[in-house]
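Structural description and commentary
Take a look at the letters that make up each chain.
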Amino acid sequence: MNADVAAENTSTISLWNDPTASVAARVDALIGAMTLQEKIAQLYGVWVGASDDGGEVAPHQHDMEEAVDLEALLPAGLGQLTRPFGTVPVDPALGALSLARTQARIAATNRFGIPAVAHEECLAGFAAWGATAYPVPLSWGATFDPDVVRRMAAAIGRDMRSVGVHQGLAPVLDVVRDARWGRVEETIGEDPYLVGTIGTAYVQGLESAGTVATLKHFAGYSASRAGRNLAPVSVGPRERADVLLPPFEMAIHEGGARSVMNAYTDTDGMPSAADEDLLTGLLRDTWGFDGTVVADYFAIAFLKTLHGVAADWAGAAGTALKAGIDVELPNVKTYGAPLVEAVTDGRVPERLVDRAVRRVLTQKVALGLLDPDWNPVPAALDGPEADDPEALRGRIDLDNPENRALAREIAEKAVVLLTNDGTLPLDRPHRIALIGPNADDPAAVLGSYSFPQHIGVRHPGTPLGIELPTLRETLAAEFPDAEITHARGTGVDDGDLSGLDEAARVARGADVAVVVLGDRAGLFGRGTSGEGSDAESLALPGAQQHLLDTLLDLGTPVITVLLAGRPYALGRAVEESAAIVQSFFPGEEGTHAIAGVLSGRVNPSGRLPVGVPRGPGSQPGTYLGARLAHAGTASSVDPTPAFAFGHGLSYTRFDWTGLTVRTQEAPTDGEFAFSFTVRNTGDRSGTEVVQLYLHDPVASVVQPVQRLVGYTRVALEPGEIRRLSVTVPADVASFTGRDGRRIVEPGELEVRVAASSADPRLTARLVLTGAERHVDHTRRLHATIVEEPHTP
């Protein structure tokens, strides 16, 4: 197209539709042309469900909200569509058609032709019927592998965009502070550096596909008292700054996340949804975040109903808008008529509406939703049959072989071998007793935000949409010559002891007993793990420990396998099991991964993202504790875990030698350098996970005994040697000082090169020199570990 023709074409469209104009100019022109009602309409969503016959979406009637009248709402426009695929089971192609038809209606109904942003959950895969169920985030953490998580997120993002979804409500960047909390399965682990690096990789992957990543829950949701969901949070400013906030900093500055979701909780009396210092002062003014802040579902209304800091819906709307929440989700409640009224009568300044709508429209421009060539039909529906429901049914595959291969890779890398007396890998056993409530349950691998557990359980007549082989099935395939006898023993949490005798009989007649225990994912008490399914203690649910102890009494080697959403105390099994295999809801390919570890086809390389407690009552606890948080003579309670953060065994052996410190002293704005060698001294290939921990012996405020500052996976063939070079910037030693500012102090440091937080192999003793230095969010966040060039 020549310049004259282009100029002629652009002159016929409005400025806000002109892709050659700047984003700011387009948005300003549009805001200037909108009425108050039209601006506010961009600040809320409507919860809908796509139609399985390809018709337009239907408003979802949630029990916390009254019915929504789309006919009345749409002429003013609409900001978001809430979970069109994640509300009811729908064939993906027909859901895409339903969404496209609805988007066309939305654009045609409002004066400016603005479609809605469609968002979905994607915590362990796109939460849609028939989409790949990947391992839960706690398994991502267990991989210690940002690259594989980045690739997974990119695949999830591509699937979402292919059917017309623009925004994903993930990742969860909450740092585990109490493993009794039901949402531990949704987190990446108990260390902020691990959470930050893995979470940032997820953001990078999702955003690389053009899908908006949403960081949640900002901030402190996981630090609630007693591990109760949606309970008050009592943390000091240092814990918040040094533990809870760094993952969000990293995901914004290195990941490029374009959305943030507030936490439900209140911290020291201040609800996050009302916290202007947090959502505007820190997030925007200090960190420079320029995306959208979306409300966690019903969070703005909760300012009135749960927190009691607003007298009415208008007060809740004004408080949240002033704090910095741009979009109300999932439905219009406070940002609709109550906000219009509050602005009209002067209680809420219109400039706050303009501020929020500018952010929303800026994002819509970036997504191409205001371009003249915008088309509601997504890429997956391209073709002559794009408007024919029956021709489309079954056409879109959201669980293709590439997705499944990626799901299996993550599941295999995430399995953690906790103990092994040499029984594993199994050497052609003749008789296997397979026992336990999760041994023959296809859903035992799924977290509570997987589609089958989140939505499918409410539609029992609907097929799962994906293959979920049980461990019983995959073990039979892995050991085709073995006789496998199954006994349930007991349920996950029913306390039933009637099956113990049968389980004991089966185990006595076997060469080895594989007992498969753990959780059932479910929301708000419908499971033993998941949102609102908190635990009073970390004892195995129901009668599972009783079953385990019964089997340990028999003399048959017992391999304990955990399919769970949190770590549990295992009692006698820690010392008496022949082996313990830990897996955190590993997704649809998870039982293949576990069977592979049992047979030796997979050499385990997962590492614990959370410690496994020795006793059921030692919470809250974390390896990040200061000296007084660890075992000592002043208390009769020993919080030392049975298996520490970062722990995991392999079927081969690794030696770490040859530490050479090249830079032992550095100024507070400098860096340290050292190197060491890792050798595979075993007889099979394997992967070691090298972890770097920082220990600050003397500081002006109390510090954790150690904290993770770097890690890498090192794959080695038998006898292979790698020389690794480490660079540690002084910035990673920073912490929040006495005056509330982040500082790097001069003094001695130790960097422990370790196989886990409890297994240091080499220690580099270093010295920071010079003056105390102040740093901020632009500081260097990573120690780096790279392979040195090979020298024959």
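These numbers come from a predicted model, not from an experiment. (Residues numbered from 1 in each chain as written. Predicted model: local features only at pLDDT ≥ 70, side-chain atom pairs only at ≥ 80, totals over all residues. Heavy atoms only, no water.)

Here we take up the overall build of the protein. The helix and strand inventory of the protein stands at 23 helices and 28 strands. Against the 2.2 N^0.38 benchmark of 28 Å for 792 residues, the protein shows a C-alpha radius of gyration of 27 Å, consistent with a compact globule. With the C-alpha coordinates aligned to their principal axes, the bounding extent of the protein is approximately 80 × 70 × 60 Å. Per-residue burial for the protein yields a buried fraction of 62% across its 792 residues. Here the analysis covers contacts within the protein between residues at least 6 apart in sequence; of these, 79% occur between residues at least 24 apart. As presented, the protein carries roughly 28000 Å² of accessible surface, and 50% of it is formed by carbon and sulfur atoms. (Helix = DSSP H or I, 4+ residues; strand = E, 2+ residues; numbered from the N terminus. Rg over C-alpha atoms; globule rule 2.2 N^0.38 Å. Buried < 20%, exposed > 50% of the residue type's maximum accessible area, 1.4 Å probe, protein only. Contact = heavy atoms within 4.5 Å. Areas by Shrake-Rupley, 256 points an atom, 1.4 Å probe, with all protein chains shown as cover.)

The interhelical angle for the contact between helix α20 (residues 500–508) and helix α21 (residues 544–552), taken along N-to-C directions, is 35 degrees, at an axis separation of 10 Å. Regarding α20 and α21, the two cross each other, and that crossing is right-handed. For the pair formed by α20 and α21, the contact residues are Leu500, Ala503, Ala504 and Ala507 on the first element and His546, Leu547, Thr550 and Leu551 on the second. Of the residues that constitute the contact of α20 with α21, the class distribution is 6 nonpolar, 2 polar and no charged. (Axes fitted to C-alpha atoms, helices over the stretch in contact; angles between N-to-C directions. Left-handed = near helix turned anticlockwise from the far one by under 90°. Nonpolar A, V, L, I, M, F, W, Y, C, P; charged D, E, K, R; others polar.)

Quick look at the packing of helix α19 (residues 471–478) against helix α23 (residues 590–599) now. Packing of α19 against α23 leaves a shortest axis separation of 9 Å and a crossing angle of 45 degrees. Looking at the two axes, α19 sits oblique to α23. The way α19 lies across α23 gives a crossing that is right-handed. For the pair α19 and α23, contact is made by Leu471, Thr474, Leu475 and Glu478 and by Thr591, His592, Ile594, Ala595, Gly596, Leu598 and Ser599, respectively. (Parallel < 35°, antiparallel > 145°, perpendicular 65-115°, else oblique.)

What follows concerns the sheet that holds strand β23 (residues 735–736). Pairing is antiparallel in the open sheet, where 3 strands are placed in the order β23-β24-β27. The strands lining the two open edges of the sheet, one partner per strand, are β23 and β27 (773–774). (Pairing = 2+ DSSP bridges.)

Our focus in this paragraph is the sheet that holds strand β14 (residues 512–518). Strand pairing in a sheet is mediated by backbone hydrogen bonds. Such pairs are either parallel or antiparallel. Sheet architecture is open: 6 strands sit in the order β11-β16-β15-β14-β12-β13, paired in mixed fashion. Strand pairing shows two members of the sheet lacking a second neighbour, β11 (416–420) and β13 (483–487), which therefore form its edges. The mean angle between the axes of side-by-side strands here comes to 15 degrees, regardless of whether they run parallel or antiparallel. Inspection of the sheet shows strand β12 (residues 431–435) paired to β14 by 4 bridges, in the parallel sense. Across the sheet, residue Ile435 finds its bridge partner in β14, namely Val515. Contacts from α23 reach β14, β15 (558–564) and β16 (579–584), with the element oriented near 160 degrees to β15.

Moving on: the confidence of the model for the protein. A residue-level look at the protein finds 98% of positions with pLDDT of 70 or above and a mean pLDDT of 95. Ignoring residues within four places in sequence, the model shows residues 1–10, a span with pLDDT below 50, making 4 contacts including any to other chains. (pLDDT = per-residue confidence, 0-100.)

Turning our eyes to something else, we now look at the packing of aromatic side chains. Applying the stated rule across the entire model yields 17 aromatic pairs. When the ring of Tyr623 is compared with that of Tyr693, the centres are 5.8 Å apart and the planes differ by 85 degrees; the resulting orientation is edge-to-face. Within this pair, whereas Tyr623 is found in the loop between α23 and β17 (654–663), its partner Tyr693 is found in strand β20 (residues 686–695), the two being separated by 70 residues in sequence. We note that Tyr623, like Tyr693, is buried. Over the ring of Trp313 we find Lys304; its NZ or CZ atom is 4.7 Å from the centre of that ring. (Phe/Tyr/Trp six-rings, centres within 6.5 Å; stacked < 30°, edge-to-face > 60°. Lys NZ or Arg CZ within 6 Å of the ring centre and 35° of its normal.)

Turning our attention to the pairing of β11. The buried fraction of β11 is high, at 4 of 5 residues. Looking at chain direction, β11 and β16 are connected through 4 bridges and run antiparallel. For Thr419, the partnering residue across the bridge sits in β16 and is Ile580.

Next up on the list: helix α9 (residues 237–244). Every buried residue of α9 is listed here: Arg240, Val243 and Leu244. In an axial view of α9, the angular spread of the buried residues amounts to 105 degrees, which keeps them on one side of the axis. In this fold, the buried residues of α9 make contact with α8 (192–208), α10 (246–253), β8 (266–267) and α11 (276–286). (Arc of directions from axis to C-beta.)

Take the nonpolar core next. Core analysis: the biggest nonpolar cluster contains 189 residues, and Phe126, Tyr202, Phe218 and Tyr335 have the highest contact counts within it. Excluding residues within four positions of it along the chain, Phe126 makes contact with Phe85, Glu120, Glu121, Ala131, Thr132, Ile156, Asp159, Met160, Val163, Val165 and Leu398. Residues Val512, Val561, Leu563 and Ala595 belong to the second largest nonpolar core, which totals 33 residues. (Core = buried A, V, L, I, M, F, W, Y, C linked by side-chain atoms within 4.5 Å.)

It is worth spelling out the pattern of salt bridges at this point. Taken as a whole, this structure holds 54 salt bridges when the rule is applied. For Arg105, the salt bridge goes to Glu56, with nearest N and O atoms at 2.8 Å. On the criterion of sequence distance, the pair formed by Arg105 in helix α5 (residues 92–109) and Glu56 in the loop between β1 (45–49) and β2 (58–59) is long-range, its members being 49 residues apart. The partly exposed category is assigned to Arg105, whose relative accessible area is 21%. Residues joined in a network through salt bridges with shared partners are Asp145, Asp147, Arg150, Arg151, Glu409, Lys413 and Arg713. (Salt bridge = Lys/Arg side-chain N within 4 Å of Asp/Glu carboxyl O.)

This paragraph deals with the side chain of Gln80. Here Gln80 is to be found in strand β3 (residues 80–82). Judged by its relative accessible area of 4%, Gln80 is buried. A polar contact is formed between the side chain of Gln80 and the side chain of Gln167, at a distance of 3.1 Å. Residues within four places of Gln80 in sequence aside, it is in contact with Tyr44, Gly45, Val46, Ala116, Val117, His119, Gln167, Val294, Val327 and Leu329. (Polar contact = N/O pair within 3.5 Å; in protein donor to acceptor, adjacent residues only side chain to side chain.)

This next bit is on unusual backbone geometry. It is generally the case that most residues other than glycine have a negative phi and that most peptide bonds are trans. The peptide bond linking Ala170 to Pro171 adopts the cis configuration, its omega dihedral lying at 10 degrees. Looking at the element boundaries, Pro171 is found in the loop between β5 (167–168) and α8. Backbone geometry places Leu230, a non-glycine residue, at a positive phi of 55 degrees. For Leu230, the location among the structural elements is in the loop between β6 (212–218) and α9. Given a relative accessible area of 30%, Leu230 falls into the partly exposed group.

What follows covers the pairing of strand β19 (residues 671–680). With respect to burial, β19 is a largely interior element, 8 of its 10 residues being buried. Across 7 bridges, β17 lies against β19 in antiparallel orientation. Its bridge partner lying in β19, Asp655 is registered against Arg679. Here 9 bridges tie β19 to strand β22 (residues 721–729), and the two strands are oriented antiparallel to one another. Residue pairing in the sheet places Val678 in a bridge with Arg722 of β22.

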